[in-house]
Amino acid sequence: MLAKFLFSKTMKHISATVICLIQLFASQPARAGGPTDPQELEAFVDSLLSELVQEYHMPGAVFALVKDGELFFAKGYGFADLENRKPVIADTTLFRVASVSKLFTATAVMQLHEKGLLNLDDDVNKYLTLFKIDDSFPEPVTVANLLTHTGDFDERMIGKETPDESKVVPLGLYLSKHMPPRYAPPWDQYCYSNHGMALAGYLVEVVSGIPFARYVDENIFHPLGMNRSSFLRDPLLAPDIAVGYTFRDGSYQRLPYHYLYDAPAGELNMTATDMARFMIAHLQKGRFGEIRILKEATAAEMHKRQFGHHPRLPGTGYGFFEISENNQRMIGHVGGLYGHGSLMFLLPEHNVGLFLAYNSSGETGKPDVIPIFGSRFLDHYYPTGEDAAPNGPMRNSDSARFAGNYLANRYSRHTLQKIEAFFAQFRVEQTGDGTLTIHFPLNFKEPSKWVQIEPLVFQRVDGDGFVAFSEDRSGRITHMFIDAIPIQYTTKLRWYQENAFHFAIAGSSILVFLSACIAWPLRALVSRVRGRPDAGTRGNRIARLLAGFASALHVAFVLGFILIMPKAMGELYHGVPPVLIALLCVPILAAILTAGAMVFAIPAWKHGYWSVAGRLHYTLVLIGAVVFIFFLNHWNLLGFRF
């Protein structure tokens, strides 16, 4: 049965036809070698999307497939606008394709490269005048680094979008103020970077002398006849842009349109049939009919593997990810914005390309719909056989040394969003039979089991894919590289870097603070009730007052953080909300009070403030406060790190 929102009431006769087609082809075997019949493909996609629509609460979706230089099939599903019951139409409805936009940015850069206006091996600073990339490392960041995500820029998500079109600033001005710093030398590791690709788009502006959106319009969209595509929110096309939704508390919530400051990295709106033209052009090595947007050699360079961490694992071309599944080499990209998702990949050997887009964010805690759709499509049309198994597993591998926690390298090291690294850790467990189980962060994927097939390389037991590890000279495992879209570069954590250690620090400090907040006022109250007020000296009263208030502020900050941050982290994409700025003032004040309380630590022992137990407790509170301050500083929560 099709999902509730898949078709409108006025399309019941179409729904009935689809059901008949599903029943007709449900018993058909997989079409090995790719789709050959548009009707069979339609039945398969109808069935698959109806299932995913129900499970993942997708109001609308669109699918297109090209083959042998032509549009083979395209169809819209469900609604682009639920409230107005506006259906998705493949050649009319525009979807926000998010990071799939990067393929157009990379194509624009390569057009300028083949004209001799932009050299891929040049230092990007050669072309920049408004600002420069920092020289943190001797090796410069090149244009090629931007297209392969190997410039190794830190992550920055704060203030990268706005719901108010009037607040959008020119691309160069935005990058001059918000380009994140480098954290590693170029070509050292793959680290997906929106700002890196946005910088590539800015180079298009600088070299061509015209705005990025206009350049793409004139040199890619118009030549290919992509008349319903735009990096700007064209007023003429805006009414047909699919509305984004999230599903929460049993109902759909409409999301406002957000404008991205780093537009070349993800701002493109387009129809499925327009995307089909772009896919055909790349499958035809730069040619669409009589029109050529790239030379054949240039297109080949874009599709060629330019960087990878291990020969067993997919790497990256210029703009394109490599994707490997069911013994197929694919190239493409995925995209995701709040309320939108997209997938585009090409199978060059089969001259086939497919595109999927939908207007939903899915549900937290569920695996992403994109790899599920891609895998089901490949299993149906390019199956490897159910008996496929790891080739030549090493039965007596020392899998214990691979176990531990690993941190993905894409996180913010210089802003308060560093706290998100708490949720970017992979857990690798050793199982009794010598295999490994890998748990992805936030249940992005189901836990998977892996068996070693050669030194430092594991193959998935229950599916496709490889995982590779690296070791240092002493044989200690240092990194894990995961076959994902895009590839994941992770670092094995020491015990003091793992979440458990940091939770222990925070938890023990809070317990100490609570003891001060409860014990000291209670002791003073009991003394007053008994008629023996704790007069003491002026020094010991001030000492406990300072330490007590510092403890109370730390506790208040933690409570405020728990209450405020879940919502505030989502708002950080638009800027730092005032309530968060106010909250960040609390640990600063607590640190000042802690410094004042420390002045009394030596006099407390020298002059015998309180009993020995009282002095020990006071000292313990100070130690907890100092440790907690260092903890906050480590996670960029001490001060205003935006």
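This text gives an overview of the structure that appears in the document. Worth saying up front: this structure is predicted, and the values here are computed from it rather than measured.

## Some thoughts on empty space enclosed by the protein
And step 1. For the structure on display, the rule yields 1 cavity of 30 Å³ or more.
And step 2. In this model, the largest cavity occupies a volume close to 40 Å³.
And step 3. Taken together, Tyr190, Pro314, Gly315, Thr316, Phe321, Glu322, Ala484, Pro486 and Ile487 make up the lining of the largest cavity.
And step 4. The residue makeup of the lining of the largest cavity, split by class, is 6 nonpolar, 2 polar and 1 charged.

## Brief notes about the sheet that holds strand β21 (residues 457-460)
And step 1. Taken together, the 8 strands give a closed barrel; going around it, the order is β17-β18-β19-β20-β21-β22-β23-β24, and neighbouring strands pair in antiparallel fashion. In this sheet, adjacent strand axes meet at a mean angle of 30° when their direction is disregarded.

## Looking at the pattern of salt bridges
And step 1. Evaluated as defined, the whole model comprises 22 salt bridges.
And step 2. Here Lys75 and Glu42 are joined by a salt bridge, their closest N and O atoms 2.9 Å apart. On the criterion of sequence distance, the pair formed by Lys75 in strand β2 (residues 70-81) and Glu42 in helix α2 (residues 38-56) is long-range, its members being 33 residues apart.
And step 3. For Lys75, a relative accessible area of 13% gives the class buried.

## Quick word on the nonpolar core
And step 1. Judged by nonpolar contacts, the single largest core of 74 residues is most densely connected at Phe104, Leu199, Met275 and Met344.
And step 2. At 8 residues, helix α8 (residues 272-283) tops the list of elements feeding residues into this core.
And step 3. Apart from residues no more than four positions distant in its own chain, Met344 is found in contact with Val100, Leu103, Met275, Phe278, Met279, Phe320, Ile331, Gly332, His333, Leu354 and Phe355.
And step 4. Among the nonpolar cores identified, the runner-up in size contains 51 residues, and Ala550, Val555, Phe600 and Phe628 belong to it.

## So, the packing of aromatic side chains
And step 1. Counted according to the given criterion, the structure contains 33 aromatic pairs.
And step 2. Ring centres of Trp187 and Phe307 lie 6.0 Å apart, and the angle between their planes is 40°; on these two criteria the pair is classed as tilted. Within this pair, whereas Trp187 is found in the loop between α5 (171-178) and α6 (194-208), its partner Phe307 is found in the loop between α9 (296-303) and β13 (321-325), the two being separated by 120 residues in sequence.
And step 3. The partly exposed category is assigned to Trp187, whose relative accessible area is 36%.
And step 4. For Phe307, a relative accessible area of 13% translates into the label buried.
And step 5. In this structure an aromatic cluster arises from ring pairing among Phe104, Phe212, Phe221, Phe231 and Phe278.
And step 6. The ring of Phe79 has Arg85 lying over it, and the distance from NZ or CZ to the ring centre is 4.4 Å.
And step 7. For Arg96, the ring lying beneath its charged end belongs to Tyr257, and the centroid distance is 3.9 Å.

## Quick word on the side chain of Asn125
And step 1. Note on placement: Asn125 falls in the loop between α3 (101-114) and α4 (143-148).
And step 2. Within the structure, Asn125 has its side chain in polar contact with the backbone nitrogen of Ile133 (distance 2.7 Å).
And step 3. When near neighbours in sequence (up to four residues on either side) are disregarded, Asn125 contacts Lys132 and Ile133.

## Overview of unusual backbone geometry
And step 1. The phi dihedral of Asn326 is positive, around 55°, even though this residue is not glycine.
And step 2. Within the secondary structure, Asn326 is located in the loop between β13 and β14 (328-337).
And step 3. Phi at Leu456 is positive, roughly 70°, even though this residue is not glycine.
And step 4. Residue placement: Leu456 occurs in the loop between β20 (448-454) and β21.
And step 5. For Leu456, a relative accessible area of 17% corresponds to the buried category.

## Some details on the pairing of β14
And step 1. When you tally the buried positions in β14, you get 8 out of 10 residues, the bulk of the element.
And step 2. Pairing of β13 with β14 involves 5 bridges; the strand directions are antiparallel. Along β14, the bridge assignment pairs Ser324 with Arg329.
And step 3. Between β13 and the antiparallel strand that follows it, β14, lie 2 residues; Asn326 among them carries a positive phi value of about 55°.
And step 4. Pairing between β14 and strand β15 (residues 340-347): 7 bridges, direction antiparallel. Note on β15: the bridge partner recorded for Val334 is Leu343.

## Notes on the sheet that holds β13
And step 1. The strand order across the open sheet formed by 7 strands is β3-β2-β1-β16-β15-β14-β13, and the pairing between neighbours is antiparallel. Among the strands making up the open sheet, the edge pair consists of β3 (86-87) and β13.

## Observations concerning the pairing of β15
And step 1. Burial analysis of β15 places 8 of its 8 residues in the buried class, which makes it a mostly covered element.
And step 2. Neither face of β15 is left uncovered, since the one carrying His340, Ser342, Met344 and Leu346 and the one carrying Gly341, Leu343, Phe345 and Leu347 both have all their residues buried.
And step 3. Linking β14 back to β15 in an antiparallel pair, the connection comprises 2 residues, with Gly339 at a positive phi of about 100°.
And step 4. Bridge count between β15 and strand β16 (residues 352-358): 7 bridges; the pairing is antiparallel. Bridge pairing in β16 links Leu347 to Val352.

The rules behind each value
- Residues numbered from 1 in each chain as written.
- Predicted model: local features only at pLDDT ≥ 70, side-chain atom pairs only at ≥ 80, totals over all residues.
- Heavy atoms only, no water.
- 1 Å grid on protein atoms, 1.4 Å probe; cavity = no way out; pocket = protein on both sides within 12 Å on 5 of 7 lines; lining within 4 Å.
- Points joined across faces, edges and corners; volume = space filled by probe spheres on them.
- Nonpolar A, V, L, I, M, F, W, Y, C, P; charged D, E, K, R; others polar.
- Pairing = 2+ DSSP bridges.
- Helix = DSSP H or I, 4+ residues; strand = E, 2+ residues; numbered from the N terminus.
- Axes fitted to C-alpha atoms, helices over the stretch in contact; angles between N-to-C directions.
- Salt bridge = Lys/Arg side-chain N within 4 Å of Asp/Glu carboxyl O.
- Buried < 20%, exposed > 50% of the residue type's maximum accessible area, 1.4 Å probe, protein only.
- Core = buried A, V, L, I, M, F, W, Y, C linked by side-chain atoms within 4.5 Å.
- Contact = heavy atoms within 4.5 Å.
- Phe/Tyr/Trp six-rings, centres within 6.5 Å; stacked < 30°, edge-to-face > 60°.
- Lys NZ or Arg CZ within 6 Å of the ring centre and 35° of its normal.
- Polar contact = N/O pair within 3.5 Å; in protein donor to acceptor, adjacent residues only side chain to side chain.

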